[in-house]
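Observations on chain architecture
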Amino acid sequence: MDVEALEQAALAAVAAAASSDAVEAVRVEYLGRKSALPLALREVRDAETGKRLNAAKQRIETAVAARSDELGRAELDRRLAEERVDVTLPVGEHERGRLHLITQIRREVEDIFLGLGYRVVDGREVETTRYNFDALNFPPGHPARSPLSTLFLDEHTVLRTETSPSQVRTMEAQQPPVYVVSLGRVYRRDTPDATHTPIFHQVEGLAVDEGITLADLTGTLDFLLKALFGQERRTEFRTHYFPFTEPSIEAYVSCHVCDGAGCAVCRHSGWIEVGGAGMVDPALFEFVGYDAERYTGFAFGWGLERIAMLRHEFPDLRELWRNDLRFSEQF
Ligand code: DAH
């Protein structure tokens with residue numbers, strides 16, 4: 001075998017190889033297990049020839065490695081150039097999700113009360129008539145007890161019609177002082193229209209301690225109303241009736257359109273009704289085993305949808321649940 005000629009041919013082929021694949025083909029041809037040089041090396045008997053063959057093989061190997069390296073780098077450079085991404089190019093704007101308006105208001109109310117030192121507690125959406133009505137002092141035959149206004153699951157079980165049962169469950173579970181709010185869904189057998197949906201949300205508040213007065217209640221609600229609707233708004237409280245509070249009041253905020261002068265929005269009264277409240281009726285304390293001589297308390301229950309509507313002045317409550325982005329993305 002003419003080792004010299006073989007080596008020259010191999011080195012020339014390596015130099016001529018124009019791609020990594022071509023270099024690999026040259027390697028297989030001259031250095032592969034079944035090619036002439038390795039076969040000769042396996043059969044060689046004298047040291048001198050062995051040395052010469054090995055030296056030639058090593059030179060070819062070195063040339064293959066160098067060429068392969070060189071081509072590899074060139075190919076990488078070309079790909080980097082071709083597939084270059086300009087990270088500074090502007091991209092299309094990403095749509096970001098957002099919280100539903102009612103969730104936003106729910107969290108806002110929770111934050112307001114957490115800031116006042118209240119706890120946030122959960123209630124139950126499936127309630128017994130005992131907690132939804134009896135414990136709250138609803139007399140037998142009260143219209144709310146009728147299956148025409150309340151969704152019954154069975155004779156003694158309802159979808160809660162208000163968050164007020166959470167007052168009773170909270171008091172049963174702990175001794176005063178109690179400062180809690182509880183927010184969530186409530187259910188009524190209403191036909192949906194612009195101002196009613198059969199599922200809506202309420203915030204229930206309850207404070208029980210020694211020496212709590214009506215002034216504590218109106219002070220707290222005044223703080224809440226201004227935090228929700230603006231510091232410039234005025235507040236007013238009028239007597240009302242609820243079975244579970246005595247006395248009961250209804251909270252009003254000055255009309256944002258006419259500022260009290262009277263207009264169509266406030267039905268010419270200057271005031272807009274927000275929701276109910278009152279001093280906890282001692283009958284509830286009796287039910288949960290609190291000492292009604294020692295403790296007094298206040299409670300309130302407002303609709304979150306109503307707060308949303310008053311704040312954003314949309315005309316139809318049902319918009320909140322239609323999931324039309326043109327509506328929901330405004331908030
Ligand atoms: N539960 C009443 C309702 O759904 C709202 C309410 C009024 C809750 C007065 C209260 C309260 O805690 O004191 O209409």
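Residues numbered from 1 in each chain as written. Predicted model: local features only at pLDDT ≥ 70, side-chain atom pairs only at ≥ 80, totals over all residues. Heavy atoms only, no water.

Tallying secondary structure elements over the protein gives 11 helices and 10 strands in all. On the principal axes, the C-alpha backbone points of the protein span a range of 120 × 45 × 40 Å. Looking at the protein as a whole, 40% of its 331 residues qualify as buried. For the protein, long-range pairs separated by at least 24 residues make up 66% of all intrachain contacts whose partners lie at least 6 apart in sequence. (Helix = DSSP H or I, 4+ residues; strand = E, 2+ residues; numbered from the N terminus. Buried < 20%, exposed > 50% of the residue type's maximum accessible area, 1.4 Å probe, protein only. Contact = heavy atoms within 4.5 Å.)

Ordered by their spatial adjacency, 7 strands build an open sheet running β1-β5-β6-β10-β9-β8-β7, and the pairing between neighbours is mixed. The open sheet is flanked by β1 (119-120) and β7 (235-242), the only strands paired with a single partner. As paired strands, strand β6 (residues 199-209) and strand β10 (residues 296-303) are joined by 8 bridges and run antiparallel to one another. Bridge pairing in β10 places aspartate 209 opposite threonine 296. The sheet contacts of helix α7 (residues 165-173) involve β1, β5 (178-187), β6 and β10, and relative to β6 the element is tilted by about 40 degrees. Helix α8 (residues 214-229) contacts β7, β8 (245-254), β9 (271-280) and β10 of the sheet and is inclined by roughly 30 degrees relative to β10. (Pairing = 2+ DSSP bridges. Axes fitted to C-alpha atoms, helices over the stretch in contact; angles between N-to-C directions.)

The full count for this structure, using the stated rule, is 0 disulfides. Just so you know, cysteine 258 is unpaired, no disulfide at all, and the nearest cysteine sulfur is the one on cysteine 266, 3.6 Å from it. Distance from the sulfur of cysteine 263, which forms no disulfide, to the nearest cysteine sulfur (cysteine 258) is 3.7 Å. By relative accessible area, which is 13% here, cysteine 263 ends up buried. (Disulfide = S-S within 2.5 Å.)

Ranked by size, the top nonpolar core spans 42 residues in total, and within it Leu221, Phe300 and Trp302 carry the most contacts. If you list the elements that add at least two residues to this core, you get α5 (101-115), β5, β6, α8, β8, β9, β10 and α10 (304-312). Residue contacts for phenylalanine 300: discarding those within four places in its chain leaves Phe113, Val181, Val203, Glu204, Gly205, Leu221, Leu224, Gly276 and Ala277. Counting residues in hydrophobic clusters, the runner-up holds 22 residues, among them Val158, Phe242, Phe244 and Phe285. (Core = buried A, V, L, I, M, F, W, Y, C linked by side-chain atoms within 4.5 Å.)

Looking at the element boundaries, aspartate 259 is found in the loop between β8 and β9. Here aspartate 259 falls in the partly exposed class, since its relative accessible area comes to 49%. Here the alpha-carbon distance between aspartate 259 and arginine 318, two residues 59 residues apart in the chain, equals 27 Å. When residues no more than four places from it in sequence are discounted, the contact partners of aspartate 259 are Arg234 and Ser254.

Read these as spatial facts, not as claims about activity.
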